[in-house]
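Close look at the chain arrangement
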Amino acid sequence: MAKTVDQYFDDLRDTRVWRSIFRSGTGSSTLKRSLAIQQNVFLHLFATKVRRRMLSFSATWYLGTLTLGTFLMLVVTGILLMLYYHPSVPQAYADTKDLQFVVSSGLFLRNLHRWSAHAMVFLVFAHMFKVFYRGAYRPPREFNWVIGIVLLLVTLLLSYTGYLLPWDQLAYWAITVGSNIASAVPVFGDKIHFMLLGGNLVNANALLRFYVLHCMILPLAAIFFIAIHFWRIRKDGGLYAHQSEPSTLTKTTLAKEAQ
Amino acid sequence: MSTKDFVTGMDSNARKAPRRVAFITRRTSAQVKAVDEETLQTFPEVLFRAAVAIEVMAIGLVTMALLFNAPLEGIADPSHTPNPAKAPWYFLGLQEMLHYFPPVVAGVLVPGLVVMALVVIPYFNINIEAEGLFLKDRERRLRIFYIVTGALVLFLVVFRVFVALVPTLIVAAFMILAAQSSPQSPSAFRRYLASKPLSYWIMSWFLFELVVLTAIGTFFRGPGWSWVWPWRS
């Protein structure tokens, strides 16, 4: 008798090599499915089970999930863009032109990176307002709200530092306008401005600093806080559920209510 | 019967709801009776849904990337300033405020206060209990509301910030309507307004201003930050 595709998968998952990689083992029992989450270094940030009513679209609009989606797309397209980009003046602009006209799919890569970045900024704001209007910042979720604010700021900085990298007129003057605000900080304004740009004007030093911030420091900060953000959802009891939303009660609870 | 949509945290009001401590001696076993509700396994059901959501969005963004090109202007030229020089769109609300106020106010004080205000939201019991603003102590709260709103309106008029004045007046009008409403109002909309707490009004005002100022900075500002109509350019 011929094997089905599922059976081939089961055989694969039963091999010694597969079982040495994935600690959870084979089988589709609830236990094994829980272990698939719990025994995986990345997935264990999430709870093994989620309340069914939290998966309805109206509960979250999936805004947090979609924000993560844009972040992943930005990491992939960003790494590919880095392969063609030198953070130096005037080479940065020439590289951007090459991406536009010479590199295969370079235009598409840059477009996707740019629109995903705008989408991420928009989604982070939308996520924050949705969480607020749901009241999901309530204890014990206070600190996860604060981490969310930190992630909002990291996202804005990521987008802002990336804005300079094409080194065109749009980038140059947007960063000049923005960085001048730093000079307005009382007492330390000029020092902060100088530290941010590596000079008194937006120049080659500023480009290099923004490149390091954009491709190294800020993404690492984002990953660090995203990990805590997800882990805290699990630790704080899962996604925030309203009392009034219909919850499908299990038999034991119904029996208790009947008494 | 309370119409509230949540249970406050265990320590939100210790006098009304003292924290319960269970002592379990060695001979008895601890039994926890919690409300069970239907759950789904994260693997594979929840992860599958998340993947589908992300894929749908990815299709949308890829389509957009195929249809619309990212802007690229001439090479950066420090000796030639474009007019107007605009920041990225999410900072145009700030840039619009810089048009009215000195940089230390619009660029440092206001954003700093906004971030501070956002961070402290969950640490105030008034935001946890979230009672309707005018349900208790109505006369006094209405007086405070009129004084604060009046001062804000005066401030915006003196600095001629009419673009921020309009959203302020609209939100204030809804707040006055909320003060005239109660949980017994016949209209569902007025019952909704009456149940809204202070944080809801401040956040909605902030969201309204954010959208309006960003839209004006993006579409309605031309050379020298003068007012332009986007359809006439």
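Check the entry above for the structure.
Described in the following lines is the structure provided in the data block. Given the structure is predicted, the values throughout are model-derived calculations rather than measurements.

Of regular secondary structure, chain A possesses 12 helices and 1 strand. In sequence order, chain A lays out its α and β elements as α-α-α-β-α-α-α-α-α-α-α-α-α. At 24 Å, chain A has a C-alpha radius of gyration far larger than the 18 Å of a compact globule built from 259 residues. Taken over the C-alpha atoms alone, chain A extends approximately 75 × 55 × 30 Å along its principal axes. Counting across all 259 residues of chain A, residues that qualify as buried make up 34%.

Turning our eyes to something else, we now look at the overall build of chain B. A count of helices and strands for chain B gives 8 helices and 1 strand. Put simply, chain B runs from its N terminus to its C terminus through helices and strands in the order β-α-α-α-α-α-α-α-α. Counting over 233 residues, chain B shows a buried share of 17%. Nonlocal contacts in chain B, meaning residues at least 24 apart in sequence, comprise 59% of its contacts between residues at least 6 apart.

The next point concerns helix α5 (residues 138–158) of chain B. Residues and elements named next belong to chain B. With 21 residues, α5 ought to run about 30 Å at 1.5 Å a step, and its terminal C-alpha atoms sit 30 Å apart, in line with that. Of all 21 residues in α5, 0 are buried; the element is thus mostly exposed. Following α5 by one or two positions, R160 adopts a phi angle in the positive range, close to 55°.

With that settled, the discussion passes to the interface of chain B and chain A. Of the residues lining the interface, 61 residues belong to chain B; the matching set on chain A comes to 74 residues. Of all the secondary structure elements, the ones that give two or more residues to the side of chain B that touches chain A are β1 (39–41), α1 (42–67), α3 (103–120) and α8 (198–219) of chain B. The element contributing the most residues to the side of chain B that touches chain A is α1(B), with 14 residues. Partitioning the side of chain B that touches chain A into residue classes produces 42 nonpolar, 10 polar and 9 charged. Sheet topology places strand β1 (residues 49–51) of chain A next to β1(B); 3 bridges connect them, and they run antiparallel. Bridge pairing links K49(A) to Q41(B) in β1(B).

All right, on to the packing of helix α8 (residues 142–164) of chain A against helix α11 (residues 204–235) of chain A then. Between two packed helices, the angle of one axis relative to the other and the distance separating the axes together describe the packing. All names here are of chain A. Where α8 contacts α11, the axes come no closer than 9 Å and their chain directions differ by 155°. Comparing their axes, α11 and α8 come out roughly antiparallel. Handedness of the crossing formed by α8 with α11: left-handed. Grouping the constituent residues of the contact of α8 with α11 by class yields 19 nonpolar, 6 polar and 1 charged.

A few words on the packing of helix α6 (residues 91–101) of chain A against helix α7 (residues 106–134) of chain A. Residue and element names in this part refer to chain A. Following both chains from N to C, one finds α6 and α7 inclined at 110°, their axes separated by 5 Å at the closest point. Looking at the two axes, α6 sits roughly perpendicular to α7. Each of D98, L99 and Q100 in α6 lies in contact with α7, whose residues at this interface are G106, L107, L109 and R110. Of the residues assigned to the contact of α6 with α7, the class counts are 3 nonpolar, 2 polar and 2 charged.

Turning our eyes to something else, we now look at helix α5 (residues 63–82) of chain A. Helix length check: α5(A) (20 residues) gives 28 Å between terminal C-alpha atoms against 28 Å at 1.5 Å per residue, within 8%. Those residues of α5(A) not exposed but buried are G64(A), L66(A), T67(A), G69(A), T70(A), F71(A), M73(A), L74(A), T77(A) and L81(A). Residues of α5(A) that are buried in the fold lie against α4 (57–60), α7 and α11 of chain A together with α1 of chain B.

All names here are of chain A. Of note, L153 is situated in helix α8. Since 15 C-beta atoms lie within 10 Å of it, L153 is described here as partly exposed. Residues L153 and Q39, 114 residues apart in the sequence, show an inter-C-alpha distance of 32 Å.

Criteria and cut-off values
- Residues numbered from 1 in each chain as written.
- Chains lettered and ligands numbered in written order.
- Predicted model: local features only at pLDDT ≥ 70, side-chain atom pairs only at ≥ 80, totals over all residues.
- Helix = DSSP H or I, 4+ residues; strand = E, 2+ residues; numbered from the N terminus.
- Rg over C-alpha atoms; globule rule 2.2 N^0.38 Å.
- Buried ≥ 20, exposed ≤ 12 C-beta atoms within 10 Å, placed from the backbone.
- Contact = placed C-beta atoms within 7 Å.
- Expected span 1.5 Å × (residues − 1).
- Nonpolar A, V, L, I, M, F, W, Y, C, P; charged D, E, K, R; others polar.
- Pairing = 2+ DSSP bridges.
- Axes fitted to C-alpha atoms, helices over the stretch in contact; angles between N-to-C directions.
- Parallel < 35°, antiparallel > 145°, perpendicular 65-115°, else oblique.
- Left-handed = near helix turned anticlockwise from the far one by under 90°.

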